[in-house]
Amino acid sequence: MPFTKTDFDNIETRTKIITIINDRIGIYPLTKISTLTTRQKLTVNVKMNEYINQLPDVLYLEQIDNDFNFVMSDVFEKMKPEEMFIPLINTDVVLLEKEVPV
C-alpha cells in the first residue's frame, strides 16, 4: 500500500520528512517549519510532495527511516560536544545577607 494522508498525519513520519527535505534544500535539518520564510515554506512543500511521490509503494516507511537516519548521522557528526551536553553548573550555595526588621 502506498504512502497515504494517514501516514502524513503521523507526527513522527511528518517530522522525519521535513527534516529530510530541509537538509536537501540546504536548510539546517532541525529547523522548525514555523521559523521558515514564506518562500522557504513553499519550497519545502514542493520538495516534500516530490519526495512523497517518489517513495516506493511498499517499505516506504523504511525508506523514510533510512533517509532520516542518514541526515541525522551527519547532524550528530558535525555537532560540537558543548551542543550535546549540559555544561557544568555551579551549585555552590551562597548565603545572602538580609536585613531583618527589629
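Residues numbered from 1 in each chain as written. Predicted model: local features only at pLDDT ≥ 70, side-chain atom pairs only at ≥ 80, totals over all residues. Heavy atoms only, no water.

Focus: the packing of helix α2 (residues 11–24) against helix α3 (residues 38–54)
Logical step 1: Viewed as axis vectors pointing N to C, α2 and α3 meet at an angle of 115 degrees, and their least axial separation amounts to 10 Å. Taken together, the axis directions place α2 and α3 in an arrangement best described as roughly perpendicular. Both α2 and α3 take part in a crossing whose hand is right-handed. Between α2 and α3, the residues in contact are I17, I18, I20, I21, N22 and R24 and V44, K47, M48, Y51 and I52, respectively.
Logical step 2: Looking at the contact of α2 with α3 residue by residue, the class counts come to 8 nonpolar, 1 polar and 2 charged. (Axes fitted to C-alpha atoms, helices over the stretch in contact; angles between N-to-C directions. Helix = DSSP H or I, 4+ residues; strand = E, 2+ residues; numbered from the N terminus. Parallel < 35°, antiparallel > 145°, perpendicular 65-115°, else oblique. Left-handed = near helix turned anticlockwise from the far one by under 90°. Contact = heavy atoms within 4.5 Å. Nonpolar A, V, L, I, M, F, W, Y, C, P; charged D, E, K, R; others polar.)

Some remarks on the confidence of the model for the chain
Logical step 1: When pLDDT is averaged along the chain, the result is 86; 87% of the residues meet or exceed 70.
Logical step 2: Here helix α5 (residues 81–84) is the element of the chain with the lowest mean pLDDT, 61, and α3 is the one with the highest, 95. (pLDDT = per-residue confidence, 0-100.)

A look at the pattern of salt bridges
Logical step 1: Evaluation of the coordinates by the stated rule reveals 5 salt bridges.
Logical step 2: Measuring nitrogen to oxygen at the nearest pair gives 2.5 Å for the salt bridge that ties D65 to K16. Separated by 49 residues along the polypeptide, D65 in helix α4 (residues 60–78) and K16 in helix α2 bring together distant segments of the chain.
Logical step 3: Because the salt bridges share partners, they merge into one network encompassing E12, K16 and D65. (Salt bridge = Lys/Arg side-chain N within 4 Å of Asp/Glu carboxyl O.)

Re α4
Logical step 1: In a regular helix each residue adds 1.5 Å, so 19 residues correspond to 27 Å; α4 covers 28 Å between its end C-alpha atoms and thus fits that length.
Logical step 2: Those residues of α4 that sit buried are Y60, I64, D67, F68, V71, M72 and V75. One face of α4 carries all of its buried residues, which in axial projection span an arc of 125 degrees. Facing away from the buried side of α4 by over 90 degrees, the exposed positions are F70 and E77.
Logical step 3: Each element contacted by the buried residues of α4 is listed here: α1 (5–9), α2 and α3. (Expected span 1.5 Å × (residues − 1). Buried < 20%, exposed > 50% of the residue type's maximum accessible area, 1.4 Å probe, protein only. Arc of directions from axis to C-beta.)

Some remarks on the environment of T4
Logical step 1: Residue position: T4 is located in the segment before α1.
Logical step 2: According to the relative accessible area criterion, T4 is partly exposed, its value standing at 28%.
Logical step 3: Sequence spacing of T4 and I52 is 48 residues, and the spatial spacing of their C-alpha atoms is 9.2 Å.

Describing α3
Logical step 1: Its 17 residues give α3 an end-to-end C-alpha distance of 25 Å, which sits within 8% of 24 Å, the value for a rise of 1.5 Å per residue.
Logical step 2: By the burial criterion, the buried members of α3 are V44, M48, Y51 and I52. One face of α3 carries all of its buried residues, which in axial projection span an arc of 90 degrees. In α3, those exposed residues whose orientation departs by more than 90 degrees from the buried face are T38, R39, L42, N53 and Q54.
Logical step 3: As for α3, its buried residues are in contact with α1, α2 and α4.

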